[in-house]
Structure formats: C-alpha cells, structure tokens
Amino acid sequence: DLPYRTLKIDVNTASFIRNANMDEETLEFTEDGVIIDNWNGHNDATFDAYRLREGLRKAYQERDADMAADGDSGMLIDTQKARKRIFIVCYHLPVIVSKDPETGEWMACWAESILAKTANSAFVSSFDPHWVGTCTTSSPIENEADRQALRTLLAGMDCTVLFFDEKVRDAHYKGFCKQVLWMAFHHVDLLDSRDPAFGMDFNATSTEKYTDGTLLDLESHWDQRQIIKWWEAFSLVNRTFAAEVTKMVQPDDVVWVHDYHLSLLPRMMSEEEAKIGSRLTKKIFYLHIPFPVSMIFKEIEFGATVLEGILHADVVGFHGFTDARHFLSSAKRILGLSHDSLEGGLLGVKYKGRTVVVTMSSVSIESEVVDAVMSFPTTISGAAELKSKHSGRAIIAGVD
C-alpha cells in the first residue's frame, strides 16, 4: 500500500513519454527540455497511477459505508463471499507440535513465524488463508493413529499436514535441500563446509535416533553418489505437494509457495492443472534465502530444472535486488530468457508465452522475538560455548 510512481521511458532515446491523460500543468522542465523529478511532491505526474488507485479505493469504501448505513447489506455479503482464498504452502508448517507423555494427546500452537496466523497479518485480514506443509514434532510419529490425530488437530487451525517416509524426508531435506541447494544458494562450496569454523558435518542417511529435521541433525560426510537418490526424493516431495494442493484449490485461488524446498512446485502444479485442462490458480513463489550468481547456479545438479520450476509461478519474489538480478542473470545465461521493465518498477521475464513478474520484498527480523530469545538459558549457554571454542577471537553474529 506504499505510494509508488510510474513513468514511461522510450528505451531507444532514454526520453520521457508523455501520457495523453497526464496533467501537463504538473510537469516541470529545465531549459533544455528535461523533465524535473519532483519525487518529494505529491502532485508530481509520476504519482498519477497511485492517486487513481487510491481514489477508486476510497470511492468503494464510501459506497460500502453508505450501503451499510442504509441497511442494504446485500452487496457487502457478496463482497465477503468473493474474498479470495490463499494457500500458504511451505515445507515446515509454522506450528509447534508436542505430545503429552502421560496422556499421549497431541497439542499444537502457532510458532513465532512471519508465516503463522496472527491478528495483524496482512494476508490473514485480506484473504481466507489455509496452510499446507509438513510438521516437526518433539516426539516421534509412531503410527497411523498419530498421523490421523495430527491431521484432525491441525485441520482445526486451517492447516493440511503431509507425511513422508523417513528415508524420503531425509533424502529430500537433509540431502538435496541442505547439501545441494542451501550450500550453493549461500555461496558455500564443499571446501568451506569442511572447515572447522563452519561448525557441522553433513549426512543424509537415515539414523536410528529420532531427529527433528533441522540442519543440526546432519552428521557425517558428503557422498556425491547419493545425488540421484536425493533428487528423486526432492521430486517426489514436490510432486506430492502439487497433487494435494491441486485437489484443494478452486478457480481464482492464490497459491503462495515458500522457499527452495518446494522450488519444483509451481511447474508441477501447472502439470496437474493441465491434466484437467484448466489453469486454476495464480501462483506466487517467494525465496527466503539468497539467490546465487549465475556462475554458481549453473553448476548445481539439476539446476536448470529447478529454475524452470520456479518460472512457472506468476510472481517470483526475493529479499533484495541483488537476488533478483542473479535470478534474471541465470534465466538469461542458462535458459536464454530476456526480461523487461514493467510499470510500477517491476521486472518481467518472458517464459513460454507468459510474463513472470519478479519483485523484491525485504523481510525484517522480529526484534521483540530476538530480544526475548537472547535471555533463554540455551542461548546464554550456547554463546558461552562459542566464546570458549573461539577463544581469543572477535565473534560477530548476525540475523538475516
């Protein structure tokens, strides 16, 4: 909802194109005929599109208020019925799930996450939301009774939970996600990962002990021979998500896919929609980690397939312009795709007859949560351990 500016430029002459509907009195030019950029003036011509949108929105609000005052609520009811559904699809559901050791009863609550259902969430207030993903539990899920109990529990929180075999889960998450994509996207190569300063080793094989599905579970050595197995599991998980989400969506729904774990999902959903001969949804893909330079991305195993998977979304979002630039560069150098500037400061990639919109939306840290976590006993003991491990060195910690 922030003010934005729109200005058409002739790319051949780098000159300003006047809009026939633009108020010429709002324009100012230098003696040489160059338009003066009154970026801090609300009457500047570049704000015309924004003012038009705001004017329409206020007019609709006034109309609804008048109808409510007159007792004519029919149109308001129709507006509520037309409220779009949005499916937030993420590998890890933003929930905390635990099991009472005495009663065996499962319990769940929302986690401290920007994807969780909160009262001040913009998409919760604007859409009818539903979450789809897997869940991490503090106790092992032992049988179908546990799985059914979790399905019922989380359904009450507008969540659909998916379960995978341990070997598939490990090969997908600990294998392809963490040992291939996560490393490359963060510009970490194999030599870096072996350095003691990196702090952990990697293994995507199943273990007898219960794991919580985090990076800290990874414990052994890289084995390039497992890459095919990891990729097959990565594809299977994405295909399962695509099939389940496609069953739930209806025309005009929005599907918001989060992060690299599900980077094949937009393409696989398009394939599922093709089977029924109808494009049901608008798809958004948002990457929560950096996107690497094209020179690194093109070396990723199955990287071109991952790139095409993302490009089946209607909108692709990144934290910053650097990530978007790397994405556009990879699309150009690997797939030969060009991009254009769109109105409103957006970028668009031409892909299979469509324009994929590329946006930048930074996600800030939640300072109150960070301050609270700093006082946890585990945080204090962890900080002491780091200081002891790197005695004599200055340690700089950051949260991205």
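As shown above, the structure is provided for reference.
Bear in mind that the values here come from a model prediction, so they are computed numbers and not experimental data. (Residues numbered from 1 in each chain as written. Predicted model: local features only at pLDDT ≥ 70, side-chain atom pairs only at ≥ 80, totals over all residues. Heavy atoms only, no water.)

## Quick word on the overall build of the chain
Cut-off, in case you're wondering: A run of H or I in DSSP counts as a helix once it spans at least four residues, and a run of E counts as a strand once it spans at least two, with each numbered from the N terminus. Residue contacts are defined here by distance: any two heavy atoms, one from each residue, within 4.5 Å place the two residues in contact. Methods summary: accessible areas were calculated by the Shrake-Rupley approach with a probe of 1.4 Å, and residue burial reflects only the protein chains presented.
When helices and strands are counted, the chain shows 13 helices and 13 strands. Sequence-distant contacts in the chain: of pairs separated by 6 or more residues, those separated by 24 or more amount to 69%. Working note: accessible area of the chain is about 23100 Å², and carbon and sulfur atoms make up 54% of it.

## Considering the sheet that holds strand 11 (residues 339-341)
Heads up, the rule is: Strand pairing is assigned whenever DSSP identifies at least 2 bridges connecting the two strands. Fitting a line to C-alpha atoms yields each axis, with helices limited to the stretch in contact; the angle taken between N-to-C directions then spans 0 to 180 degrees.
Pairing in this open sheet of 9 strands is mixed, and the strands run 7-6-3-8-9-10-13-12-11 from one edge to the other. The sheet is open, and its two borders are formed by strand 7 (159-161) and strand 11, each paired with just one other strand. This sheet shows a mean twist of 25° between the axes of neighbouring strands, independent of strand direction. Both strand 8 (residues 253-258) and strand 9 (residues 281-286) contribute to a ladder of 6 bridges, which runs parallel.

## Some words on the environment of Ala313
Looking at where Ala313 falls in the secondary structure, it is placed in the loop between helix 10 (303-311) and strand 10 (315-318). Placed 58 residues apart in sequence, Ala313 and Val255 show a C-alpha to C-alpha distance of 9.3 Å. Setting aside anything within four residues of it in sequence, one finds Ala313 in contact with Pro266, Lys283, Ile284, Phe285, Arg354 and Val356.

## A look at helix 8 (residues 265-276)
As a reminder of what qualifies: Multiply 1.5 Å by the residue count of a helix minus one, and that product is the helix's expected span. When accessible area is computed with a 1.4 Å probe and restricted to protein chains, residues below 20% of their type maximum are described as buried, those above 50% as exposed, and intermediate ones as partly exposed.
Relative to the 16 Å expected for 12 residues at 1.5 Å per residue, helix 8 spans 17 Å between its end C-alpha atoms, a close match to the ideal helical length. Buried within helix 8 are the following residues: Leu265, Pro266, Arg267, Met268, Met269, Ser270, Glu272 and Glu273.

## A closer look at the side chain of Lys178
Note the cut-off: Under this rule, positive means Lys or Arg and negative means Asp or Glu; His and the chain ends count for nothing. The term salt bridge refers to a pairing of a side-chain nitrogen on Lys or Arg with a carboxyl oxygen on Asp or Glu at a separation within 4 Å. Any pair of N or O atoms that falls within 3.5 Å is considered a polar contact. Within protein, one atom must be able to donate a hydrogen and the other to accept it, and sequence-neighbouring residues count only if both atoms are side-chain atoms.
Relative to the assigned elements, Lys178 resides in helix 5 (residues 166-185). Buried within the structure, Lys178 lacks any salt-bridge partner; Asp259 is the closest side chain of opposite charge, at an N-O distance of 7.2 Å. Separated by 2.8 Å, the side chains of Lys178 and Tyr260 make a polar contact.

## Considering the pairing of strand 10
Relative to strand 10, strand 9 runs parallel, the two sharing 3 bridges. Pairing of Phe285 across the sheet is with Val316, part of strand 10. One ladder, built from 4 bridges, connects strand 10 with strand 13 (residues 354-360); its direction is parallel. Across the sheet, residue Val315 finds its bridge partner in strand 13, namely Val357.

## Describing the environment of Asp146
Examined against the element boundaries, Asp146 turns out to sit in helix 4 (residues 144-155). For the pair Asp146 and Trp106, spaced 40 residues apart in sequence, the C-alpha separation works out to 8.2 Å. With residues up to four places along the chain from it excluded, the contact list for Asp146 reads Lys99, Trp106, Pro140 and Ile141. A polar side-chain atom of Asp146 sits 3.1 Å from a polar atom in the side chain of Trp106.

## Description of the nonpolar core
Generally speaking, soluble globular proteins have nonpolar side chains that are buried together. To keep it simple, the criterion reads: Here, nonpolar core refers to any group of buried Ala, Val, Leu, Ile, Met, Phe, Trp, Tyr and Cys residues whose side-chain atoms link them within 4.5 Å.
By size, the foremost hydrophobic cluster in this structure holds 60 residues, and its most contacted members are Val89, Phe185, Phe241 and Phe327. For this core, the element with the highest residue contribution is helix 5, accounting for 11 residues. Phe185 has contacts with Leu287, Ile289, Pro290, Phe291, Pro292, Phe297 and Ile300, leaving out every residue within four places of it along the chain. Counting residues in hydrophobic clusters, the runner-up holds 17 residues, among them Cys90, Leu93, Val124 and Val254.

## Points about the pattern of salt bridges
All chains considered together, the criterion is met by 12 salt bridges. Among the salt bridges present, the one from Arg267 reaches Glu271, with a minimum N-O distance of 2.5 Å. Here Arg267 pairs with Glu271, and both are found in helix 8, just 4 residues apart, close to one helical turn. Overall, Glu271 belongs to the partly exposed group, its relative accessible area being 28%. A single network of salt bridges, built from pairs that share partners, joins Glu144, Arg147 and Arg151.

## Structural notes on the pairing of strand 3 (residues 85-92)
The buried fraction of strand 3 is high, at 6 of 8 residues. By the bridge criterion, 6 bridges tie strand 3 to strand 6 (residues 128-134) in an arrangement that is parallel. Residue pairing in the sheet places Arg85 in a bridge with Asp128 of strand 6. Note that strand 3 and strand 8 share 5 bridges and pair parallel.

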